[in-house]
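Take a look at the letters that make up each chain.
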Amino acid sequence: MTDVRVRIAPSPTGDPHVGTGYVALFNYAYARRHGGKFLLRIEDTDQQRSSRESEEAIMRSLRWLGLDWDEGPDVGGPHGPYRQSERAQIYREHAKMLVDKGAAYRCFCTPERLAELRTHQRENKLAYGYDGHCRGLEASGEADKRAAAGEAHVVRLLMPDEGETVLDDQLRGEVRLPNSEVDDQVLLKSDGLPTYHLANVVDDHLMKISHVIRAEEWISSAPKHLRLYEAFGWQAPRFVHLPLLRNADKNRSKISKRKNPVSLEYYRDIGILPHAMVNFLALLGWSFGDDIEKFTLEQMVERFDLVKGSVNLTGPVFDLEKLAWLNGKYLQELDDEQLADAFVAWRVNRDFLVKLAPLFRERIRKLDELMPQATYFFCGDIDYTQIEAPLLPKNRTPKETRELLGKLVDKLDTLRSFEVEPLEELFREFCEESGWKTRDVFMLTRLIVTGRKASPPLFDTIKLVGRDRVRRRFRLAIEHLKTVKAPS
RNA sequence: GGCCCCAUAGUCUAGCGGUUAGGACGUCGGCCUCUCACGCCGAAAUCCGGGGUUCAAGUCCCCGUGGGGUCACCA
């Protein structure tokens, strides 16, 4: 067998996702089990959404989990750079190679035309996808002319219209996908940067990746990737598609922040220990055997493998209750000193108290008043059946309040920086848009975030409680409102 | 909707043709105990449906059904 080299390739476009941790864990375990290498590659080709903060947060979270990589943007390695934005030239050259070979072509269609195409296809219930409008432009020489004239264009993969592509998944066996379902994917965007499809194939090849272990959602685009390997004349790596983590809702949809906390930072913030998190993630789809559920990463590595039947393919529900139970097991085996250290590392520390100090200086007369007042900065979920006032402004129905809150959380999610000023601006703008009184929205928010009618300044409070817990509390409050009857 | 993936209790799973279908979370009951928690004991609860193959099917095959994913100049 060739040397095992696997990678986790997160896109730094948001919070460090539990799904990233999950896939990283299985990649890591596979690499370690087979004495191979585990790499981290940052897929930051979406200039609009990628950020350096997100990249750093992802690295921090993966390290927190103990999933160290052998090669990556920060540690270097023989196949760098490991950040795709720094490899733009490589992709451009490879895109050109494909065009020269006739495996790809330049496309000058405007976004407007593509939008029209889509509407037309939807309205007439036609198959979706690009219609190949620019396919003939290379042969006629028109593509050269228009490109030379500076006309904006992308590079598309020329996908066969007929036949099928066979994906030999290491866990699932042969998956046959009709080529007619796959359209001419954009490989190089008009900004000159590649899409995932091109970048991932080029990098996996150049970085000598032996096994692409990724989530199930990629199965349907695998033919594009396989076609690319073929067009380049490269040997494709083995593919392993892991199941998708699910929400605990009725439908079991793929895990999403609207329904379930997804940020690894959230779990760290509510005091989940990294070993417990890793252990729990491993339990989703994989089992240690011998009816043993609690094990270390090292023990997992000894037994882990990716062959048919070794991983369950049903999308597992991310069960917070079981996570909490497991975490409790880990906490129990700490001695007094270690447990004290855990408290300190978590939140009972000087750094956090320094942040608390300005909020409570004027609100306490004796030091002993701090803790009773500041409970909501330390706790996770709030029980809305036990709070000081109902979550219902005067003359508002539970239904309209729920809808309002739903819009508020969505808007909150668009906020890049969770700082006091932007928060206040966002809330005031929101009140303006919705027509609700600021006092109602602010009090509602205060009750949701703190469970109290009185708190330090709202936006300072929101900031310090943090995005993930705030979102979670809003979601719980919305759920709670479903059980509230309108006062008659 | 097309294509693809998946299917053991509410949840996570064991099972790899013959088992009283095992374990864990959660739930319920009991024990322990100053309370709570831990711990211990116990209970209820599962093979999606229908056809095959076979002496024998949760296990293999097919068809349904259900759920999910995907159909972007996002990954």
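Keep in mind it's a predicted model, so treat the numbers as computed, not measured.

Reading guide: rules and limits
- The numbering scheme is per chain: residues are counted from 1 as the chain's sequence reads.
- As they are written, the chains are lettered A onward and the ligands numbered 1 onward, keeping that order.
- Whole-chain, interface and lining totals are the exception, using all residues; otherwise, since this is a predicted model, local features are given only for residues with pLDDT of at least 70 and side-chain atom pairs are given and counted only at 80 or more.
- Computation of side-chain values covers all heavy atoms of the structure but excludes hydrogens and water.
- Under the scheme used here, helices are H or I runs from DSSP no shorter than 4 residues and strands are E runs no shorter than 2 residues, and both carry numbers assigned from the N terminus.
- For every residue, the accessible area (1.4 Å probe, protein chains only) is compared with the maximum for its type, and the residue is labelled buried under 20%, exposed over 50%, or partly exposed between those bounds.
- Residue contacts are defined here by distance: any two heavy atoms, one from each residue, within 4.5 Å place the two residues in contact.
- Surface accessibility in these figures is a Shrake-Rupley result with a 1.4 Å probe; residues are shielded only by whichever protein chains are displayed.
- We call two strands paired when DSSP finds no fewer than two bridges between them.
- Angles run from 0 to 180 degrees between N-to-C directions of axes, and those axes are lines fitted to C-alpha atoms, restricted for helices to the stretch in contact.
- Residues are labelled near a given molecule or strand when at least one of their non-hydrogen atoms is within 4 Å of it.
- Any pair of nitrogen or oxygen atoms within 3.5 Å is treated as a polar contact; in protein, a donor-acceptor pairing is required on top of that, and neighbouring residues in sequence qualify only through side-chain atoms on both sides.
- For this classification, the nonpolar set comprises Ala, Val, Leu, Ile, Met, Phe, Trp, Tyr, Cys and Pro, the charged set comprises Asp, Glu, Lys and Arg, and every other residue, Gly included, is treated as polar.
- The patches described consist of residues with a relative accessible area above 30% and no salt bridge, like charges being joined within 9 Å and nonpolar side chains (Val, Leu, Ile, Met, Phe, Trp, Tyr) within 5 Å.
- Note on definitions: salt bridges are taken to be side-chain nitrogens of Lys or Arg within 4 Å of carboxyl oxygens of Asp or Glu.
- Think of a nonpolar core as a cluster: buried Ala, Val, Leu, Ile, Met, Phe, Trp, Tyr and Cys residues, connected wherever their side-chain atoms sit within 4.5 Å.
- None of His or the chain ends enter the tally, which takes Lys and Arg as positive and Asp and Glu as negative.
- Just so you know, the charge point we use is NZ for Lys, CZ for Arg, CG for Asp and CD for Glu.
- Pairs were defined over the aromatic rings of Phe, Tyr and Trp, the Trp ring being its six-membered one, requiring ring centres within 6.5 Å. Orientation was assigned from the angle between planes: stacked under 30 degrees, edge-to-face over 60, tilted for the rest.
- The predictor rates its confidence in each residue with pLDDT, a number between 0 and 100.
- An angle below 35 degrees is treated as roughly parallel, one above 145 as roughly antiparallel, one from 65 to 115 as roughly perpendicular, and anything else as oblique.
- Less than a right angle of anticlockwise turn of the near helix away from the far helix marks a crossing as left-handed, whereas a clockwise turn marks it as right-handed.

Visitor: Which parts of the structure should I look at to understand the overall build of chain A?
Guide: For chain A, the count of helices and strands is 20 helices and nine strands. Along the first, second and third principal axes, the C-alpha set of chain A runs to 80 × 55 × 40 Å. With 488 residues in all, chain A has 50% of them scored as buried. Pairs at least 24 apart in sequence give 74% of the contacts found in chain A among residues at least 6 apart. Of the roughly 24,400 Å² of accessible surface on chain A, a fraction of 49% belongs to carbon and sulfur atoms.

Visitor: What's the story with the sheet that holds strand β4 (residues 154–157) in this structure? I'm lost.
Guide: Through backbone hydrogen bonds, the strands of a sheet pair up, either in parallel or in antiparallel fashion. Pairing in this open sheet of three strands is antiparallel, and the strands run β3-β4-β7 from one edge to the other. Single-partner strands in this sheet number two, and they are β3 (104–107) and β7 (186–188). Between one strand axis and the next, the sheet turns through 45° on average, direction left out of account. In the sheet, β3 pairs with β4 via four bridges, with the strands oriented antiparallel. Bridged to Tyr 105 within β4 is Arg 156.

Visitor: So what exactly am I meant to see when it comes to the protein's contact with RNA strand B here?
Guide: In the region of RNA strand B, 53 residues are neighbours, and Arg 172, Lys 189, Gly 285, Glu 293 and Asn 312 sit closest. Near the protein, within 4 Å, the atoms of RNA strand B are sugar or phosphate in 81% of cases. Contact between RNA strand B and Arg 172: a sugar or linking oxygen at 2.3 Å from a side-chain N or O atom of the residue. One of the side-chain N or O atoms of Ser 220 is found 3.0 Å from a sugar or linking oxygen in RNA strand B. Elements that contribute at least two residues to the surface near RNA strand B include exactly α4 (111–123), β4, β6 (173–178) and α11 (320–332). Of all the elements, α11 adds the most residues to the surface near RNA strand B, at five residues. For the surface near RNA strand B, a count of residues per class yields 20 nonpolar, 13 polar and 20 charged.

Visitor: What is the right way to read a nonpolar patch on the surface from this model?
Guide: A cluster of nonpolar side chains, Phe 343, Val 344 and Val 348, forms an exposed patch at the surface whose accessible area comes to about 250 Å². As for its position among the elements, Val 344 is in helix α12 (residues 336–346).

Visitor: Which parts of the structure should I look at to understand the nonpolar core?
Guide: Looking at soluble globular proteins, one finds that nonpolar side chains tend to be buried together. With 55 residues, the main nonpolar core has Met 277, Met 300 and Phe 318 as its most contacted residues. Among the elements that take part in this core, helix α1 (residues 18–33) stands out by supplying ten residues, more than any other. Judged by nonpolar contacts, the second largest core, of 44 residues, contains Tyr 376, Leu 405, Val 409 and Phe 474.

Visitor: Even after reading the chapter, I still don't get a negative patch on the surface, so can you show me in this structure?
Guide: Taken together, the side chains of Asp 335, Asp 336, Glu 337 and Asp 341 present a region of like negative charge at the surface. Locating Asp 335 in the fold gives a position in the loop between α11 and α12. Residue classification places Asp 335 among the partly exposed residues on the basis of a relative accessible area of 41%.

Visitor: I tried to follow the pairing of β6 on my own but got confused; where do I start?
Guide: Each regular strand displays side chains that alternate between the two surfaces of the sheet. Alignment of strand β5 (residues 164–169) against β6, held across six bridges, turns out to be antiparallel. Within β6, the residue paired with Thr 165 across the bridge is Leu 177. What sits between β5 and β6 in their antiparallel hairpin is a turn of three residues.

Visitor: What exactly am I supposed to notice about the packing of aromatic side chains here?
Guide: Aromatic ring pairs are reported here in terms of the distance separating the ring centres and the angle at which the planes meet. All chains considered together, the criterion is met by 19 aromatic pairs. A ring pair is formed by Tyr 22 and Phe 26, whose centres lie 4.8 Å apart and whose planes are at 50°; its orientation type is tilted. Residue Tyr 22 and its partner Phe 26 are located together in helix α1, separated by four residues, close to a single helical turn. Note on accessibility: Tyr 22 and Phe 26 belong to one class, buried. Here the aromatic rings of Tyr 266 and Tyr 267 are separated by 5.0 Å at their centres, their planes lie at 90°, and the arrangement is edge-to-face.

Visitor: Quick question: what am I supposed to make of the environment of Lys 254 here?
Guide: One can find Lys 254 in the loop between β9 (238–242) and α8 (264–269). Overall, the relative accessible area of 47% leaves Lys 254 in the partly exposed class. Sequence separation between Lys 254 and Val 201 is 53 residues; the distance between their C-alpha atoms is 25 Å. A polar contact of 2.9 Å, which involves the side chain of Lys 254, links it to the side chain of Glu 217.

Visitor: Which parts of the structure should I look at to understand the confidence of the model for chain A?
Guide: Caution applies to low-pLDDT parts of the model: their predicted coordinates are not meant to be read in detail. Put simply, chain A has an average pLDDT of 94, and 100% of its residues get 70 or more. For this predicted complex, the interface score ipTM comes out at 0.96, while the overall pTM is 0.95.

Visitor: It is not clear to me how the packing of helix α9 (residues 274–283) against α11 should be interpreted in this structure. Could you clarify?
Guide: The axes of two packed helices give the description: the angle between them and the distance between them. Their axes nearest at 9 Å, the elements α9 and α11 cross at an angle of 135°. Between α9 and α11, the crossing angle belongs to the class labelled oblique. Relative to α11, the crossing made by α9 is right-handed. When α9 is examined against α11, the residues His 275, Ala 276, Met 277, Asn 279, Phe 280 and Leu 283 are found in contact with a partner set consisting of Lys 322, Leu 323, Leu 326, Asn 327 and Tyr 330. In the contact of α9 with α11, the residues fall into seven nonpolar, three polar and one charged.

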